[in-house]
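One-letter residues, chain by chain:
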Amino acid sequence: MNKKHCLLFLCFLALSAICPSRASEKPDANPMIDYTGFLQDASKVGRLRDERRISEDDFIRMASEPGTVIYDARTRDKYELLHITGAIHLSLTDVTERELSRLIPDKKTRILIYCNNNFENEREAFMSKRARASLNIYTFNTLYSYGYLNVYELAPLLDINKTRLRFSGTRKEKSAEK
């Protein structure tokens, strides 16, 4: 290596030490993502969920009371296939302030939630998730973060063929035709 190349190489090393690569820097904060706030809400929701997980009997009784909404946050195709009769639908991925307020205008409304992991023996409509990834967990947290605090969650795992809950959807219509 000649003197010119050595000098260029030493300059490069010096600049590298003075101006470290941006690859090692943290990206700029995104004001639209608040993981710390999510964790704080999740801690509060955890305590609230413990008090608000209800039995099948309580779910049925509460669902029949005026001003109560049954909310299904599964995908549109799973909802259309089979859902608890009377449930309203908004996929969790489509939840925004505007969509929630259109669907449930009063944040004090009592909301009953359920998910895939509440039902067995109906794999197509209610595909189970890992317990830590249960849709109920995300739904409860999401509703709470939007200010809906009067939320109750169906607690048990129910056999779709033995539950007293009533269902609607294309799967139900097909079985009625037989």
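It should be emphasised that the depicted structure is a prediction, and the values quoted were computed from it without experimental measurement. (Residues numbered from 1 in each chain as written. Predicted model: local features only at pLDDT ≥ 70, side-chain atom pairs only at ≥ 80, totals over all residues. Heavy atoms only, no water.)

Some details on the pairing of strand β2 (residues 68–72)
Alright, step 1. Counting buried residues along β2, 5 of its 5 residues qualify, which places the element largely inside the surrounding structure.
Alright, step 2. Both faces of β2 are covered, namely the face carrying Thr-68, Ile-70 and Asp-72 and the face carrying Val-69 and Tyr-71.
Alright, step 3. With 5 bridges connecting them, β2 and strand β5 (residues 110–114) associate as parallel partners. Across the sheet, residue Ile-70 finds its bridge partner in β5, namely Leu-112.
Alright, step 4. As judged from the 2 bridges shared by β2 and strand β4 (residues 88–89), these two strands associate in the parallel manner. Paired with Asp-72 across the bridge in β4 is His-89. (Buried < 20%, exposed > 50% of the residue type's maximum accessible area, 1.4 Å probe, protein only. Helix = DSSP H or I, 4+ residues; strand = E, 2+ residues; numbered from the N terminus. Pairing = 2+ DSSP bridges.)

Section: unusual backbone geometry
Both trends apply: most residues other than glycine have a negative phi, and most peptide bonds are in trans.
Alright, step 1. One non-glycine residue with positive phi stands out, namely Asn-121, at about 75 degrees.
Alright, step 2. Looking at where Asn-121 falls in the secondary structure, it is placed in the loop between β6 (119–120) and α6 (135–145).

Brief notes about the environment of Ser-101
Alright, step 1. Looking at where Ser-101 falls in the secondary structure, it is placed in helix α5 (residues 97–103).
Alright, step 2. Residues Ser-101 and Tyr-146 lie 45 residues apart in sequence; the distance between their C-alpha atoms is 9.5 Å.

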